[in-house]
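The primary structure of each chain is shown beneath.
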Amino acid sequence: MDIVDTFFNLAVLRDSLPLLLMGLGTTLGLGLTSIALGLLGGLAIALARLYGPRPLTWLAVAYIDLFRAIPILVLLIITYYALPFVGIRLSPFAAATTALSMVSASYAAEIFRAGIQAVPRGQFEASQALGFRSWWMMIDIILPQAVRIVIPPLTSNCINVMKDTALASVVAMPDLLKQATQAQALAANPTPLIGAAAIYILLLLPLVRAVGTLENHLAKGRR
Amino acid sequence: MKPILDIRGVSKFYGSFQALDRIDLTVAEGEVVVVVGPSGSGKSTLIRCVNLLERYDTGDIHVDGIRVETGRNLAAVRSEVGMVFQNFNLFPHMTVLRNVALPPMRLRGLSREAAEARARHLLDRVGIGAQADKHPAQLSGGQQQRVAIARALAMEPKVLLFDEPTSALDPEMVGEVLDVVQSLARTGVTMIVVTHEMGFARRVADRVIFMEAGRILEEATPDAFFTAPREERTRAFLHSVLNH
């Protein structure tokens, strides 16, 4: 048995491809949902942290610290295997989305905070002097500039969420990795695992590259 | 004439440093007041208290009869008081046109068409009409400051505050901005201008105020101020800024 037959067996790959693509669909659904929830939650937490009344600020800080300290895998196993003991029974998809987006929100919150704080003071003062109320000032003036500043780290965070979806295979989520391991067991050949790795890379490499390009672009464009 | 701005006994502290020391100042409708004085004398702090970009610790400020304070009054005061900053503070992610049109859309309930028509008219008036679709970064400093003036005017404020509007400009652009400010003075809008441009102060002011160490040391008509200042400190200041 040579190395090509073992790791790059085209017949095995062809047979396992439908399973892998189904897994990819699940991974994308899980990843995109968690990214969207994480961004929304992160923004809300960042605003609470910066502008909320005192107790809310503390709560936001506690949330951010806690969820950046806990390993996602641990959180995932708790949401799926521990919560049923108090009557909260989540589907694998719901458990994985919850764990991923809660952690993602804590990182996104810090990124948004950095972005908002990087917007020059004069922009806040000009908006206030014109009479903008806080909400419109944020929506029209501050956030568009803040988001532009933090697009690279925000994209990196999204890439991490997408990669971390692979952890969901431990809660029996039929994602790309889980499907690949099943196909591998079925075919008694590791080619599907290599196929899954290739799909992850094809999916994320353009995004990784885009972050690099964006960082260069922003560094040049800043005045 | 009735006062549009009334400042009574206003003091302001930064820790133990007193930035403003019991300032009294009344400005009539349509009056142009130019505030001069050495750096750190409290000129900018004073006008920033008028729209509460800085809080004052004691005293009262009323704009058109409304007390300047946090809470419900603040939006009313700010919509009547326009401000032009040293560093322009245009919104860099919007076109010049939107910079001027957005505030009255959001804050005065103007339709987009009405706001943009007003914006184009004002941009023409400050000589920037042809640049309406550019972004601020594509404009020179002098052009940006003229856009900032148009943006302030678009809210139709009763009082316009200028915080050293030419201090960040290259020398050759100072004139174009001062010309715009001067043309506004003739339209009857109330203005308070903090500046180091003495020639401008002399040409445009109805009244010149000299501040030092958080106090108003002298106030006079421009002629009296520049030809026969009463205070020794004013004479020393004028001597140093006019002879270099």
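Quick caveat: nothing in here was measured; it's all calculated off a predicted structure. (Residues numbered from 1 in each chain as written. Chains lettered and ligands numbered in written order. Predicted model: local features only at pLDDT ≥ 70, side-chain atom pairs only at ≥ 80, totals over all residues. Heavy atoms only, no water.)

S.K.: Describe the packing of aromatic side chains, naming the residues involved and giving the relevant values.
M.R.: Aromatic ring pairs are defined here through the distance separating the ring centres and the angle between the ring planes. Overall, the coordinates contain five aromatic pairs over all chains when judged by the stated rule. When the ring centre of Trp136 of chain A is taken as reference, the NZ or CZ atom of Arg106 of chain B above it lies at 3.9 Å. Lying over the aromatic face of Phe91 of chain B, Arg151 of chain B brings its terminal NZ or CZ to 4.5 Å of the ring centre. (Phe/Tyr/Trp six-rings, centres within 6.5 Å; stacked < 30°, edge-to-face > 60°. Lys NZ or Arg CZ within 6 Å of the ring centre and 35° of its normal.)

S.K.: Break down the sheet that holds strand E1 (residues 3-14) of chain B for me, with residues and values.
M.R.: All names here are of chain B. If you walk across this open sheet you meet the four strands as E2-E1-E4-E5, and the pairing is antiparallel. Edge strands, defined here as strands with exactly one partner in the open sheet, are strand E2 (17-28) and strand E5 (66-67). Two elements, strand E4 (residues 58-63) and E5, share two bridges in a ladder whose sense is antiparallel. Bridge pairing links Val63 to Ile66 in E5. (Pairing = 2+ DSSP bridges. Helix = DSSP H or I, 4+ residues; strand = E, 2+ residues; numbered from the N terminus.)

S.K.: Go over empty space enclosed by the protein, please, and point to the residues and values.
M.R.: Summed over all chains, the structure comprises two cavities of 30 Å³ or more. If you add up the space inside the largest cavity, you get close to 60 Å³. Along the walls of the largest cavity sit Ala126, Ala129 and Leu130 of chain A together with Gly82, Met83, Phe85, Ala148, Arg151 and Ala152 of chain B, which together make up its complete lining. Elements supplying a minimum of two residues to the lining of the largest cavity: helix H6 (121-130) of chain A together with strand E6 (81-84) and helix H5 (141-154) of chain B. Its residues assigned to classes, the lining of the largest cavity shows seven nonpolar, one polar and one charged. Taken as a whole, the second largest cavity encloses approximately 30 Å³ of empty space. Contributing to the lining of the second largest cavity are Ala129 and Leu130 of chain A together with Arg78, Ser79, Val81, Gly82, Met83, Ala152, Met155 and Pro157 of chain B. Elements with a minimum of two residues in the lining of the second largest cavity: H6 of chain A together with helix H2 (72-80) and E6 of chain B. (1 Å grid on protein atoms, 1.4 Å probe; cavity = no way out; pocket = protein on both sides within 12 Å on 5 of 7 lines; lining within 4 Å. Points joined across faces, edges and corners; volume = space filled by probe spheres on them. Nonpolar A, V, L, I, M, F, W, Y, C, P; charged D, E, K, R; others polar.)

S.K.: Which residues make up the nonpolar core, and what values do they have?
M.R.: With 52 residues, the main nonpolar core has Leu123, Ile149, Phe162 and Met191 of chain B as its most contacted residues. Per element, the largest residue contribution to this core is eight residues, and it comes from helix H6 (residues 171-185) of chain B. With near-sequence residues (within four places) excluded, Phe162 of chain B lies in contact with Ile47, Val84, Ile149, Val181, Leu184, Met191, Ile192, Val193 and Val194 of chain B. In terms of nonpolar packing, the next biggest core, distinct from the first, is built from 49 residues, Ile116 and Ile141 of chain A together with Val35 and Leu74 of chain B among them. (Core = buried A, V, L, I, M, F, W, Y, C linked by side-chain atoms within 4.5 Å. Buried < 20%, exposed > 50% of the residue type's maximum accessible area, 1.4 Å probe, protein only. Contact = heavy atoms within 4.5 Å.)

All quantities given are derived from atomic positions and should not be read as evidence of function.
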